[in-house]
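An overview of the molecular structure
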Amino acid sequence: MEKLDVIVKTLEDKLADDINVIKLEDSSVADYFIVATGNSINQTRALADYIEDDLHKEGYDIKSKEGFREGEWILIDAGDIIVHIFTQKQREFYDLDNLWEN
């Protein structure tokens, strides 16, 4: 399974809210940003763990995972895909969806 598909399927299966896949055109940062919302800090942490585990099962490794301790905005660097898992409050505040889609 492709890395993007693994991440999106994991988020869907674990009931993340408002999953948004943003294709980054001509970016040196990544090919995709994935933005999703967890209903609590515990869920954001669990989502990050499930993504890491599922990627590993499919033979992919992550480069880093940031923000796990606080749990309000967790960033997973999977190389060509950057995953942002937010609580609702933080997602609204940072508004990455509109920042990167425009």
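The structure presented is a predicted model; accordingly, all values stated were derived computationally and were not measured.

Bringing the nonpolar core into the picture now. The biggest cluster of nonpolar side chains holds 17 residues, and the ones touching the most others in it are Ile7, Leu11, Ile34, Ile51, Ile76, Val83 and Ile85. At the level of elements, helix H1 (3–13), strand S2 (32–38), helix H2 (41–57), strand S4 (73–77) and strand S5 (81–87) are the ones that each hand at least two residues to this core. Once residues lying within four places of it in the same chain are set aside, the contact partners of Leu11 are Ala16, Ile19, Ile34, Ala36, Leu47 and Ile51. Within the second largest apolar cluster, eight residues are counted, among which are Ala30, Phe33, Val35 and Ile82.

Further remarks concern the pairing of S5. Within S5, seven of the seven residues are buried, leaving the element largely enclosed by the surrounding structure. In this sheet, S5 lies alongside S2 in parallel orientation, the contact comprising seven bridges. Residue pairing in the sheet places Thr37 in a bridge with Phe86 of S5. Note: S4 against S5, five bridges, orientation antiparallel. Looking across to S5, one finds that Asp77 is bridged to Ile82. Where S4 folds back onto S5 in an antiparallel hairpin, the turn is made up of three residues, including Gly79, whose phi is positive at roughly 85 degrees.

Thresholds applied
Residues numbered from 1 in each chain as written. Predicted model: local features only at pLDDT ≥ 70, side-chain atom pairs only at ≥ 80, totals over all residues. Heavy atoms only, no water. Core = buried A, V, L, I, M, F, W, Y, C linked by side-chain atoms within 4.5 Å. Buried < 20%, exposed > 50% of the residue type's maximum accessible area, 1.4 Å probe, protein only. Helix = DSSP H or I, 4+ residues; strand = E, 2+ residues; numbered from the N terminus. Contact = heavy atoms within 4.5 Å. Pairing = 2+ DSSP bridges.

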